[in-house]
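Structural description and commentary
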Amino acid sequence: MDLDVAQYLMVDSKKEKPVGILSPSQEAYRKRLAEVCLKNRTRILAFRSKPPEPTENIPWEVSSSPQHSRTVKPRRYIPQSAERTLDAPELEDDYYLNLLDWSTRNVLAIALGRSLYLWDASEGTASEIMSVDEDSGPITSVSWAPDGKHIAVGLKSSAVQLWDTVASKQLRTLQGGHQSRVGSLAWNSHILTTGGMDGLIFNNDVRIRSHIVEEYKGHEQEVCGLKWSSSGQQLASGGNDNLLHIWDRTMASEQNARQNQWLHRLDDHRAAVKALAWCPFQGNLLASGGGGGDRCIKLWNTHTGSCLNSVDTGSQVCALLWSKTERELLSSHGFDQNQLTLWKYPSMVRMAELTGHTSRVLFMAMSPDGCTVASASAGDETLRFWNVFGNPETNKKPVSKPLGPFASVNSIR
């Protein structure tokens, strides 16, 4: 802007000029000067051309802040009914046994009476791999080795058989430690840990002839729950004496190098402790569940032995499984609802309750991809498959269709 011109227009051009003061020649000069200097402008602010069109509004997606444009994770759909229900006749109705396991090779093993059946989930086929006589049976526990090829089978006779499931061949029998049935098994690499009705726990090195290499003494009644931590350093054991023990492999007894001393002896439960599950995302976090006289799920810091939380579920806790992809815990229960309950960690708020079983859900196992859970009930003699944790990549509502691996099978045998 020309400030001199503006000054002239606002001040000097508005002054009234006395008539007759300027001569004709002076008046003509003034007009000529105004034409040249002002270029016939009579306003201070004037557009020489059409003003520009207003700028288009900036898109919201670009102008919004990062926190507003951040996508919100949709809530996962959790089916309330089982995808598939199969018959499981002669499944033992015994809370203290462990008769269901799912291998890393996607093969489900279930013990029915004196026989062991395998389901190849990839092929959709079922087969009986072994059976024992009446003196040895029934089968009281099953557990897959980490390779998904070998399986351990605990018997009422106190023996444990090892089988190669690919060759359908028995490899060896472990005996000489327990004096009564073996109801719980847990693998730690080449070490097979066994728990018996006699209250004893043994570590068996399956590679050597004299297989018993360590023992754990602390339970006064049957050992019904065994689980190794993911590090292989700590072992959790639960018993019918309402006790939960945490064992550390480095803590050998001073009197006997082969006998280990417990790290923690926890007596908070008021009933048998069978359900045990180590947290996959926090190595020192253990979940335990109590029987009908307790009904509680307890969360433990196994480094300190402190109880972090205790939730009264209202019914017998039979089994526990942590999700591999979410901070969630699944529990199976006895009467009166016989349900599966999904809990959000750490708030332990109920996310869903899955019903369908008409008797207590004694056993659970998770598929190797962490999406599907199999549950078994002896009272209703059924094996049910639940899409509890969904697909960790899509989390979409599933289309109603038969469960692929088991589409052609309606009964285990």
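Whatever comes next refers back to the structure up there.
Residues numbered from 1 in each chain as written. Predicted model: local features only at pLDDT ≥ 70, side-chain atom pairs only at ≥ 80, totals over all residues. Heavy atoms only, no water.

Let us now look at the overall build of the protein chain. Helix and strand counts for the protein chain come out as four helices and 28 strands. A buried classification covers 50% of the 413 residues belonging to the protein chain. Taking the contacts inside the protein chain whose residues are at least 6 apart along the sequence as the reference set, 48% of them involve residues at least 24 apart. Accessible area of the protein chain: about 21,300 Å², with a carbon and sulfur share of 48%. (Helix = DSSP H or I, 4+ residues; strand = E, 2+ residues; numbered from the N terminus. Buried < 20%, exposed > 50% of the residue type's maximum accessible area, 1.4 Å probe, protein only. Contact = heavy atoms within 4.5 Å. Areas by Shrake-Rupley, 256 points an atom, 1.4 Å probe, with all protein chains shown as cover.)

In this sheet, strand β9 (residues 169-174) lies alongside strand β8 (residues 160-164) in antiparallel orientation, the contact comprising five bridges. Within the sheet, the bridge partner assigned to D164 lies in β9 and is K169. The antiparallel hairpin formed by β8 and β9 contains four residues in its connecting segment, where S168 sits at a positive phi of about 50°. (Pairing = 2+ DSSP bridges.)

This part covers the packing of aromatic side chains. In total, this model carries eight aromatic pairs according to the counting rule given. Look at W247 and W262: their rings are 6.3 Å apart centre to centre, the planes differ by 75°, and that puts the pair in the edge-to-face class. A residue pair is termed long-range when its members are at least 10 positions apart, and W247 in strand β16 (residues 244-252) and W262 in strand β17 (residues 259-266) qualify at 15 residues. Given a relative accessible area of 0%, W247 falls into the buried group. Since its relative accessible area comes to 25%, W262 is described here as partly exposed. A ring pair is formed by F281 and Y345, whose centres lie 5.9 Å apart and whose planes are at 50°; its orientation type is tilted. Residue F281 is located in the loop between β18 (273-278) and β19 (285-290), and its partner Y345 is located in the loop between β24 (340-344) and β25 (349-354); the two are separated by 64 residues in the primary sequence. Relative accessible area serves as the criterion here: at 32%, F281 is assigned to the partly exposed category. The structure contains a cluster of three or more aromatic residues connected by ring pairs, namely W102, W119 and F385. The aromatic ring of W262 is capped on one face by R265, whose charged end is 4.8 Å from the ring centroid. Lying over the aromatic face of Y95, K274 brings its terminal NZ or CZ to 5.4 Å of the ring centre. (Phe/Tyr/Trp six-rings, centres within 6.5 Å; stacked < 30°, edge-to-face > 60°. Lys NZ or Arg CZ within 6 Å of the ring centre and 35° of its normal.)

For the rest of this paragraph, the subject is the sheet that holds strand β4 (residues 115-120). In space, the four strands of this open sheet follow the order β2-β3-β4-β5, with antiparallel pairing throughout. Bordering the open sheet on either side are β2 (100-102) and β5 (125-131), each of which pairs with just one other strand. Averaged over all adjacent pairs, the angle separating strand axes in this sheet is 20°, with direction ignored. Pairing of β2 with strand β3 (residues 107-112), which is carried by three bridges, proceeds in the antiparallel orientation. Paired with D101 across the strands is A109, a residue of β3. (Axes fitted to C-alpha atoms, helices over the stretch in contact; angles between N-to-C directions.)

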